[in-house]
Amino acid sequence: MRETTSTGNAELDFDFTACIYDLLCENKSIYRGSPWRSRKGDCKQKTNTHPIHSPLPLSSSPISATMTTTTKTFTAPPIFTFLVVLFLLVPWIHCFYLPGVAPRDFQVGDLLQVKVNKLSSTKTQLPYDYYFLSYCKPPQIMNSAENLGEVLRGDRIENSVYAFKMREEQSCQIACRKTLDAEAAKNFKEKIDDEYRVNMILDNLPVAVIKQRKDGAEGKVYEHGFRVGFKGKYTGSNDEKYFIYNHLSFKVMYHKDLETDSARIVGFEDTQLITCTKNMIHGSTVPQEVDGNKEIVFTYDVTFEESSMKWASRWDTYLLMNDDQIHWFSIINSLMIVLFLSGMVAMIMMRTLYRDIANYNQLETQDEAQEETGWKLVHGDVFRPPLNSNLLCVYVGTGVQVFLMTLVTMIFALLGFLSPSNRGGLMTAMVLLWVFMGLFAGYASACLYKMFKGTEWKKNTLKTAFMFPGILFGIFFVLNALIWGEKSSGAVPFGTMFALVVLWFGISVPLVFIGSYLGFKKPAIEDPVKTNKIPRQIPEQAWYMKPVFSILIGGILPFGAVFIELFFILTSIWLNQFYYIFGFLFIVFVILLVTCAEITIVLCYFQLCSEDYHWWWRSYLTAGSSALYLFLYSIFYFFQKLEITKLVSGILYLGYMLIGSYAFFVLTGTIGYYACFWFVRKIYASVKID
């Protein structure tokens, strides 16, 4: 399915910007919300034949453009060449959306097989296999190949009895008849009570149910999956009964190629019905009640609808924001406030610091030097190794590993490789990147350990390789055992658990040792000033400079930079919604890094001015304390936004949020430490020390 635009004959003067649009973004639906729009016919140049081929939608080959020689030569200046490259790159980033799967063309009569995924509920957060309930089963249940991320998410993709042919409508087809026993009826009732939803997949598109927008505006808003059933009352009865959605009405939307008559699927909707009304399978429209020893007839309809939507944009509807609390203006406004505060802090710091350095360097006599106060007084102790320095080395190395994993994951996500349609891709990328970034963890830990004149480098390396992942694995193992006890498909199988251990011990640990070896081979980092043999006594500190208060204050600003985005992330994880605005997340990530660095430097400066030289651990904990606020916010979110009632589900939520907060602590703490480390070395190298 390739679109071709032929240019006409004209003078050499042409709209170059429009040419770039036509070349890269002729299909204006390539990326929803992109500012680029095709303007056909504006890109013209005097030539004989030079068709320009627009890029294939999504997972296509690179852009190919065939142009013959023109009648005039055009020598572009360097700045023009730079602009050409810029125009080529910017639309490429903003226009293309890579779902991680190649498009499939279907002819009339081609078989379409609906696959089933897990049963999910926002009330329990415990996924179950589709066939945990007594739905219609095919003669042989076959599992689809799943990546590591899908298994960790609890996805279980299997075949189903729902199969039909492309562009051939069917009405009231009987899938099967089931007589429920007491156990099966009990399972159905429990899942209806817990508001479980059925997830199906057709051509990698999840089934969706149209719902009304909260603001009453026009336009489709989708819910993921459809409910298992509902509770209701018969007319004239006060007893609540359980009813099942036993009839499914599928609507498959397709985009047809006029040249080949092939089509691509661009939508998969379902309308929940309780009975089949055309052939009157039951002879009445009474809903199907869930009860023991009652027969349920599962039926389905299939309709096809041609759509103007391109295959490249078929995920747009799933990604539409449907929460009234999401206001882009308020998010950007909050970020601007954080940027403004950070700029003010940085400006004040630079002015004060330059004045201090100038004053210290102007002191001429020994008497003046003895009377001075402030951060220069502790120059003989500021680089004294801290208590538990080996533990600090371990956490700094681990923080480097988390930072690089996060950074590379975001870059891949920005390029579209980890989009929601690439199911499980984000989780898989994070695990694999974590494993391979062990090389940098060992290197950073070893360099710092050597600077502290440590000698037990093997012990330090082992702690770096096992401490953080060991704590995470321990918490994860306990949570997984709880999920196993609930017979949920979210429990990680033994084989996958073994694979994770192999990745850890077989790849990550050796890479940490290699990085540590390389770090110890490098020369030790030299301090800009000498350290005194006898530690200096620290004077009594004001109440606002006490470690606990200072550390807790320091975490407020970094948390303030991310807490709005954190709401979206928690919503996508726990309320079964897609998260895809990685570009904005990357901006927030950068703001977080800058904020952590600046607030740590400011508080470290005040600490040194009060003649307290124990800055190593405090710099780490100051930025890292934002993780405490993150965990407290997650508890607030639990009570305010979630409807979790089961104890096991609550434990799972707190356990996973504890893991996330711990990783956030290591990440932000490391950023704060390195910022303060650079700052302290910079200022003490800038003054004259006798």
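Criteria and thresholds
Residues numbered from 1 in each chain as written. Predicted model: local features only at pLDDT ≥ 70, side-chain atom pairs only at ≥ 80, totals over all residues. Heavy atoms only, no water. Helix = DSSP H or I, 4+ residues; strand = E, 2+ residues; numbered from the N terminus. Buried < 20%, exposed > 50% of the residue type's maximum accessible area, 1.4 Å probe, protein only. Contact = heavy atoms within 4.5 Å. Areas by Shrake-Rupley, 256 points an atom, 1.4 Å probe, with all protein chains shown as cover. Patch = residues over 30% accessible without salt bridge, like charges linked within 9 Å, V, L, I, M, F, W, Y side chains within 5 Å. Salt bridge = Lys/Arg side-chain N within 4 Å of Asp/Glu carboxyl O. Disulfide = S-S within 2.5 Å. Expected span 1.5 Å × (residues − 1). Arc of directions from axis to C-beta. Phe/Tyr/Trp six-rings, centres within 6.5 Å; stacked < 30°, edge-to-face > 60°. Lys NZ or Arg CZ within 6 Å of the ring centre and 35° of its normal. Axes fitted to C-alpha atoms, helices over the stretch in contact; angles between N-to-C directions. Parallel < 35°, antiparallel > 145°, perpendicular 65-115°, else oblique. Left-handed = near helix turned anticlockwise from the far one by under 90°. Nonpolar A, V, L, I, M, F, W, Y, C, P; charged D, E, K, R; others polar. pLDDT = per-residue confidence, 0-100. Bend = angle between axes of the 7 residues up to and from the residue. Polar contact = N/O pair within 3.5 Å; in protein donor to acceptor, adjacent residues only side chain to side chain.

Peer 1: How should the overall build of the chain be read in this particular structure?
Peer 2: When helices and strands are tallied, the chain shows 17 helices and 15 strands. Burial analysis of the chain (690 residues in total) assigns 49% to the buried set. The long-range fraction of contacts in the chain, counting pairs at least 24 apart against all pairs at least 6 apart in sequence, stands at 80%. When the accessible surface of the chain is split by element, carbon and sulfur atoms take 61% of a total near 33,600 Å².

Peer 1: Any chance you could explain a nonpolar patch on the surface here in plain terms?
Peer 2: A contiguous nonpolar surface patch, about 540 Å² in accessible area, is contributed by Trp543, Tyr544, Phe549, Ile553 and Ile556. Within the secondary structure, Trp543 is located in the loop between helix 11 (494–521) and helix 12 (547–554).

Peer 1: Before we go on, may I ask you to explain the state of the cysteines in this structure?
Peer 2: The term disulfide refers to a covalent linkage connecting the sulfur atoms of a pair of cysteines. A complete count under the given rule lists one disulfide for this structure. Each disulfide pairs two cysteine sulfurs, and for Cys136 the partner residue is Cys176, the sulfurs being separated by 1.8 Å. Here Cys136 and Cys176 share a disulfide; its torsion about the S-S bond, -80 degrees, makes the bridge left-handed. Here the residue Cys136 occupies a position in the loop between strand 3 (111–120) and helix 3 (148–153), and Cys176 occupies one in strand 5 (residues 170–179), the gap between them amounting to 40 residues. Taken individually, Cys136 and Cys176 each receive the classification buried, so the pair is uniform in this respect.

Peer 1: Looking at this structure, how should I read the pattern of salt bridges?
Peer 2: Any two side chains of opposite charge can pair, given that their charged atoms come close. Applying the stated rule across the entire model yields 17 salt bridges. Linking Glu240 and Lys231 is a salt bridge whose minimum nitrogen-to-oxygen distance equals 3.5 Å. Classification of Glu240 as partly exposed rests on a relative accessible area of 46%. Overall, Lys231 belongs to the partly exposed group, its relative accessible area being 38%. Through salt bridges with shared partners, one network takes in Lys118, Arg153 and Asp155.

Peer 1: I would appreciate a short explanation of unusual backbone geometry in the present structure.
Peer 2: Note: most residues except glycine have negative phi, and most peptide bonds are trans. Its identity is not glycine, yet Cys172 carries a phi of approximately 50 degrees, on the positive side. Turning to its location among the elements, Cys172 is positioned in strand 5. Since its relative accessible area comes to 6%, Cys172 is described here as buried. Despite not being glycine, Asp203 shows a phi value in the positive range, around 55 degrees. With respect to the helices, strands and loops of the structure, Asp203 is situated in the loop between strand 6 (197–202) and strand 7 (205–206). Asp203 gets classed as buried once you look at its relative accessible area, which sits at 15%.

Peer 1: I'm lost on helix 16 (residues 626–641) in this one. Help?
Peer 2: Helical geometry: 3.6 residues make up each α-helical turn, so side chains three or four residues apart lie on a common side. For helix 16, spanning 16 residues, the distance from its first C-alpha to its last is 22 Å, which sits close to the expected 22 Å at 1.5 Å a residue. Along helix 16, the residues that are buried comprise Ser626, Ala627, Leu630, Tyr633, Ser634, Tyr637 and Phe638. What you see down the axis of helix 16 is that its buried residues fit within an arc of 150 degrees, all on one side. Residues of helix 16 that are exposed and point more than 90 degrees away from the buried face comprise Phe639 and Gln640. As for helix 16, its buried residues are in contact with helix 13 (556–574), helix 15 (616–624) and helix 17 (647–685).

Peer 1: Whenever I open this one, the packing of aromatic side chains confuses me. Can you help?
Peer 2: Note on aromatic pairs: each is described by the distance of the centres and the angle between the planes. Overall, the coordinates contain 51 aromatic pairs when judged by the stated rule. Between Tyr605 and Phe606 the ring centres are 5.8 Å apart and the planes differ by 55 degrees, which places this aromatic pair in the tilted class. Classification of Tyr605 by relative accessible area gives buried; the value is 5%. Three or more aromatic residues joined by ring pairs form one cluster here, namely Tyr395, Trp434, Phe468, Trp617, Tyr620, Tyr662 and Phe665. In this arrangement the basic side chain of Lys191 is found over the ring face of Tyr128, its NZ or CZ atom lying 4.3 Å from the centre. The ring of Tyr196 has Lys191 sitting right over it, with the charged end atom 5.3 Å from the ring centre.

Peer 1: Explanation requested: the packing of helix 7 (residues 389–414) against helix 14 (residues 582–609) in the structure shown.
Peer 2: Between two packed helices, what matters for the description is the angle formed by their axes and the separation of those axes. Where helix 7 meets helix 14, the axes come as close as 9 Å, and the angle between the chain directions of the two elements is 150 degrees. When the axis of helix 7 is compared with that of helix 14, the two are roughly antiparallel. The handedness of the crossing between helix 7 and helix 14 comes out as left-handed. Contact residues: helix 7 offers Phe403, Thr406, Leu407, Met410, Ala413 and Leu414, while helix 14 offers Phe582, Gly583, Leu585, Phe586, Phe589 and Leu593. Among the residues making up the contact of helix 7 with helix 14, the classes are represented as ten nonpolar, two polar and no charged.

Peer 1: What is the right way to look at the confidence of the model for the chain in this model?
Peer 2: Low-pLDDT portions of the prediction should not be read for the details of their coordinates. Taken as a whole, the chain shows an average pLDDT of 78; of its residues, 77% reach a score of 70 or greater. Contacts from residues 279–284, a stretch scored under 50 in pLDDT, to residues over four places away or in other chains number 13 contacts.

Peer 1: Is there a simple way to think about the packing of helix 10 (residues 457–485) against helix 11 in this case?
Peer 2: Packing of helix 10 against helix 11 brings their axes to within 9 Å, and their N-to-C directions diverge by 160 degrees. The orientation of helix 10 relative to helix 11 falls into the category roughly antiparallel. The two elements helix 10 and helix 11 cross, and the hand of that crossing is right-handed. Across from Trp457, Thr461, Leu462, Thr464, Ala465, Phe466, Pro469, Gly470, Phe473, Phe476, Phe477 and Asn480 in helix 10, the residues of helix 11 making contact are Met497, Leu500, Val501, Trp504, Phe505, Val509, Val512, Phe513, Ser516 and Phe520.

Peer 1: Help me out: how do you make sense of helix 11 in this one?
Peer 2: Its 28 residues place the ends of helix 11 40 Å apart at the C-alpha level, agreeing with the 40 Å of an ideal helix rising 1.5 Å per residue. Remark: the principal bend of helix 11, roughly 30 degrees, maps to Ser508, with a proline, Pro510, within the next four residues.

Peer 1: I'm lost on the environment of Gln541 in this one. Help?
Peer 2: Structurally, Gln541 can be placed in the loop between helix 11 and helix 12. Since its relative accessible area comes to 14%, Gln541 is described here as buried. Expressed as a C-alpha distance, the spacing of Gln541 and Gln607, which sit 66 residues apart in the sequence, is 9.2 Å. Each residue touching Gln541, except ones within four places of it in the same chain, is listed here: Lys546, Ser610 and Asp612. Looking at Gln541, its side chain comes within polar contact range of the main-chain oxygen of Pro539, at 3.0 Å. Side-chain polar atoms of Gln541 contact the side chain of Ser610, separated by 2.8 Å.

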